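Understanding the architecture of this molecule
Okay, here's what each chain looks like letter by letter:
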Amino acid sequence: MPREQAATRISAYVYGNIITFATLVPLTGDDLTHGHAALLVLGVAASTYAAHVFADRVGHHVRGPEPVPGGLAHGLRDALPILSSAIVPALLLLAGGAGWITARAAVTASEIYLLVRMSLVGLLVERLHPTERAPGWTLVSGVLLAAAAAVVSLIKVALGH
C-alpha cells in the first residue's frame with residue numbers, strides 16, 4: 001500500500017475511534033432501550049464517514065485540476081475505518097438494550113474495545129512504516145496514543161454537550 005494511502009487509512013482509523021468514543025461517553029442506560037444508542041453510534045459514524053469522504057474529495061481538488069482515476073472509490077475505501085470503529089460498539093449496545101448484558105457493561109465494554117483498538121495503532125504504524133525502535137516502545141506509544149485520543153474525545157464531549 002502506498003504511504004499516502006496508508007496515512008489516509010490510519011487517519012480515518014484514529015478519527016473514527018475518537019468520534020465513536022466521544023459518542024459513547026455521555027450515554028446512559030436509558031439510551032440503550034429500543035436500540036437508540038446503537039443507532040446513534042452508527043448514525044454518527046455514517047455521517048462522519050460521509051463528511052470525511054466529501055472533505056477529502058474537496059481537498060483533492062486543491063492538489064490539482066486533474067481528478068485521480070478512481071479517486072472517489074479510493075476515498076470511500078480509505079475512510080472505511082471510520083465506519084468499522086462503530087460496528088462492535090453498536091453490537092454491544094444492542095446486547096445491552098436487549099438485556100443480554102447490563103447497560104453499563106455494554107457501554108464500558110464498548111469504550112474498552114475502542115481504547116484497545118486505539119492502543120493497536122502503534123503496531124499498525126510500525127507494520128506500515130518499520131523503524132528501529134524497540135518493540136516495547138511501539139506498545140507504549142500505542143497506549144499513550146489511546147490515552148491522548150480518550151482525552152480528545154472527553155474534550156469533545158465537554159465542549160459539545
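Refer to the structure printed above.
Conventions adopted
- Residues numbered from 1 in each chain as written.
- Predicted model: local features only at pLDDT ≥ 70, side-chain atom pairs only at ≥ 80, totals over all residues.
- Heavy atoms only, no water.
- Core = buried A, V, L, I, M, F, W, Y, C linked by side-chain atoms within 4.5 Å.
- Buried < 20%, exposed > 50% of the residue type's maximum accessible area, 1.4 Å probe, protein only.
- Helix = DSSP H or I, 4+ residues; strand = E, 2+ residues; numbered from the N terminus.
- Contact = heavy atoms within 4.5 Å.
- Expected span 1.5 Å × (residues − 1).

1. Side note on the nonpolar core
Core analysis: the largest hydrophobic core is formed by 15 residues, its most contacted members being L24, L27, L32, A37, V41, L93 and V107. If you list the elements that add at least two residues to this core, you get helix 1 (3-24), helix 2 (36-63), helix 4 (80-97) and helix 5 (103-119). Setting aside residues no more than four positions away along its own chain, V41 makes contact with T20, T23, L24, A86, P89 and L93. Formed by eight residues, the second largest nonpolar core is a distinct cluster that contains I10, V14, I18 and A146.

2. Structural notes on helix 4
Spanning 18 residues, helix 4 covers 26 Å between terminal C-alpha atoms, matching the ideal 26 Å at 1.5 Å per step. Buried within helix 4 are the following residues: P81, I82, S85, A86, P89, A90, L93, A95 and G96. Of the residues trailing helix 4, G99 is marked for its positive phi of about 85 degrees.

3. A word on unusual backbone geometry
The backbone phi angle of H34 is positive, close to 60 degrees, even though this residue is not glycine. Residue position: H34 is located in the loop between helix 1 and helix 2.

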